[in-house]
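Given next are the chains, with one letter for each unit.
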Amino acid sequence: MKKILLFSIALPGIFCVFSASAQQIRVSYSSQQAADRFSGNVFLYLSKENPEPKSGYVGLTSFPVYRINVKNIKPDEAVTFNDAAVSYPVKLSDLERGEYFVQAVWDKNTGDHTISETIGNIYSKPVKFNFTKKTEAAFTVSCTETVKEKPFVETDYAKELRVTSRLLSDFYKKQFSLKVAVALPEAYLKEPGRKFPVLYYVTGFGGDYRRMSGYKNPESFMDTVPFIRVVLDGNCPTGHSVYANSQNNGPWGDAMVKELIPAIEEKFRCDGARFLMGHSSGGWTVLWLQTQYPSVFAGTWASSPDPVDFRNFSGVDLYTEKNLYRGKDSSLRWIATVAGRFPWISMKQMVQMEHVVNRGEQMQSFDAVFSQRKADGSPRNLVNAATGEIDMETVNHWKQYDICQFLKNNWGTIQSNLQGKVRISAGEQDNFLLNHAVHLLEKETKDLNTGFEYGYFPGDHFTVFTKEYQAAGVKFLLDRYAAFKSK
């Protein structure tokens, strides 16, 4: 008679009974990688096609992932993945049979947002397993590698700056630094007595300032006028900080304005003109910074920003809808499309897959920024992962980050410092339907006389950045610089 064990999986309210003969994968880490004991989450990534499955795009592609939480594990001591593991899309024993590439990661959560790339995390080289109908067969994975930090290679035109933030260090209760890459124009080296305007550039979700490492060309993004470009790093343990003050991530906005900017202006020759530009999550970031600190920045170009009006959160009205997964007619909702029309990734797939890979992904990043902090220190979830039900108490907390609502409620106070300083543009075939929220923002604020500039172009989230698209955005920023100098 088989021994029966009772386990709970992490979809709320669901309990399952698992047989001791369930599929098992035993994972350990080498004492050469870490001498101390490990407590935390261990992840298992599988793929039939991707030879390095831990590198897969969680939520935007679909592949099997598993998570277990362990305590006080010694080096070379194995932990076991079985049907008790938190799973997507199915438990291990129900996995489609066949050959898979397999990797495991021990997550130390040292600061980066992507589990597979977090510095200090221990992982395995890819191994290939053949899962047959014999689900009682056990497999072994040994983790012998550690993610190491890649040094930033400075050049004449690319510099790294790390600024210790007292505000964020106090919040995280450990030393925390804001890291940026500073790209210099050719004139900065040729004209040592000249000062320059600064463009603060924020990458989209998953972007990294380290891409400027080794950059040997002078900065020329603004074309006719030399700018210093500061490439910000919004990565944090929960995803993208979007430089917003929040209960879960801490005072990122204040840290930038009160600590990072003064440090940059002390080290580099800046003329006091500060501009913002970002795409996607970076687009939302710069629009938020401009509205929250309107006198600090002279102008902002927000490109294809994340939802700027929560009445159209990638097609969902968070204030009136009850379920993120399905519409009122029970049709499945899509978070990602091809050309804004053809279904690509459903809301359900993204949320449930991220529920397993439980930090640093897109929906979790939204929760970390917009949601209230629970008693256990984790963000309250907007969505019940099992059912898709939207939590209205969380929505009420999110409302303070609704840029449209903020503008409507506070325009009388911020108008003098914000009017005419913003350009928002998007592709009309945006994969994530973000253009619809931009249209809604323009419509809902037209009676405020904001002076904001809007631009809509052919293209999706990735192809919209044509020469014409960039030229219109650059012209706006140059016009704002001319207005700054005239004052």
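Residues numbered from 1 in each chain as written. Predicted model: local features only at pLDDT ≥ 70, side-chain atom pairs only at ≥ 80, totals over all residues. Heavy atoms only, no water.

### What to know about the overall build of the chain
The secondary structure content of the chain amounts to ten helices and 26 strands. By the compact-globule yardstick of 23 Å for 487 residues, the chain fits well, its C-alpha radius of gyration being 24 Å. Overall size of the chain, expressed as C-alpha extent along the three principal axes, is 85 × 55 × 40 Å. Looking at the chain alone, contacts between residues at least 24 apart form 72% of all its contacts between residues at least 6 apart. A distance of 3 Å separates the average location of the 57 positive side-chain charges in the chain from that of its 52 negative side-chain charges. (Helix = DSSP H or I, 4+ residues; strand = E, 2+ residues; numbered from the N terminus. Rg over C-alpha atoms; globule rule 2.2 N^0.38 Å. Contact = heavy atoms within 4.5 Å. Lys, Arg positive; Asp, Glu negative; His and termini not counted. Charge placed at Lys NZ, Arg CZ, Asp CG, Glu CD.)

### Focus on the side chain of arginine 333
Summarising the element assignment, arginine 333 is placed in the loop between strand E22 (299–303) and strand E23 (334–338). Judged by relative accessible area, which is 12%, arginine 333 ranks as buried. Only 3.0 Å separates the side chain of arginine 333 from the side chain of glutamate 321, close enough to count as a polar contact. The residues contacting arginine 333, other than those within four sequence positions of it, are Gly315, Val316, Glu321, Asn323, Leu324, Tyr325, Arg326, Gly327, Lys328, Ser346 and Met347. (Buried < 20%, exposed > 50% of the residue type's maximum accessible area, 1.4 Å probe, protein only. Polar contact = N/O pair within 3.5 Å; in protein donor to acceptor, adjacent residues only side chain to side chain.)

### Some points on the pairing of E23
In the sheet, E23 pairs with strand E24 (residues 342–346) via four bridges, with the strands oriented antiparallel. Residue pairing for E24: alanine 336 is matched across the bridge by isoleucine 345. Counting the residues in the hairpin turn of E23 and E24 gives three residues, including alanine 339, whose phi is positive at 60°. (Pairing = 2+ DSSP bridges.)

### Brief notes about the nonpolar core
Core analysis: the largest hydrophobic core is formed by 83 residues, its most contacted members being Tyr200, Ile228, Met256, Phe297, Leu318 and Leu324. Broken down by element, this core gets its largest block of residues, eight residues, from helix H3 (residues 252–267). The residues touching leucine 318, leaving out its near neighbours within four places in the chain, are Phe310, Arg311, Phe313, Leu324, Leu382, Ile390, Met392, Val395 and Trp398. Judged by nonpolar contacts, the second largest core, of 27 residues, contains Ala34, Ala104, Phe129 and Phe139. (Core = buried A, V, L, I, M, F, W, Y, C linked by side-chain atoms within 4.5 Å.)

### So, the sheet that holds E22
Strand order in the open sheet formed by eight strands is E13-E14-E16-E15-E21-E22-E25-E26, with mixed pairing between adjacent strands. Edge positions in the sheet fall to strand E13 (158–164) and strand E26 (453–457), since each of these pairs with one other strand and no more. Across the sheet, the axes of successive neighbouring strands diverge by a mean angle of 20°, strand direction being ignored. Sheet topology places strand E15 (residues 196–202) next to strand E21 (residues 270–279); six bridges connect them, and they run parallel. Bridged to tyrosine 201 within E21 is methionine 277. (Axes fitted to C-alpha atoms, helices over the stretch in contact; angles between N-to-C directions.)

### Things to note about the packing of helix H5 (residues 347–356) against helix H6 (residues 362–370)
Here H5 crosses H6 at 80°, and the two axes come no closer than 8 Å. When the axes of H5 and H6 are compared, the pair comes out roughly perpendicular. Taking contact as the criterion, the partners of Met350, Val351, Glu354 and His355 in H5 are, on H6, Gln362, Met363 and Gln364. Among the residues forming the contact of H5 with H6, the class breakdown is three nonpolar, three polar and one charged. (Parallel < 35°, antiparallel > 145°, perpendicular 65-115°, else oblique. Nonpolar A, V, L, I, M, F, W, Y, C, P; charged D, E, K, R; others polar.)

### Examining the confidence of the model for the chain
Atom-level detail of predicted coordinates should not be read off regions where pLDDT is low. Within the chain, residue pLDDT values average 92, and 96% of them lie at 70 or more. Every residue in residues 1–19 is under pLDDT 50, and counting partners more than four places away or in other chains gives 33 contacts. (pLDDT = per-residue confidence, 0-100.)

### Regarding the packing of helix H4 (residues 281–292) against helix H8 (residues 403–418)
It is the contact of H4 with H8, at a shortest axis distance of 9 Å, that shows an interaxial angle of 50°. Overall, the two elements H4 and H8 adopt an arrangement that is oblique. Every residue of H8 that contacts H4 at Trp284, Leu287, Trp288, Gln290, Thr291 and Gln292 is listed here: Ile403, Phe406, Leu407, Ile414 and Leu418. Here the contact of H4 with H8 is composed, by residue class, of eight nonpolar, three polar and no charged.

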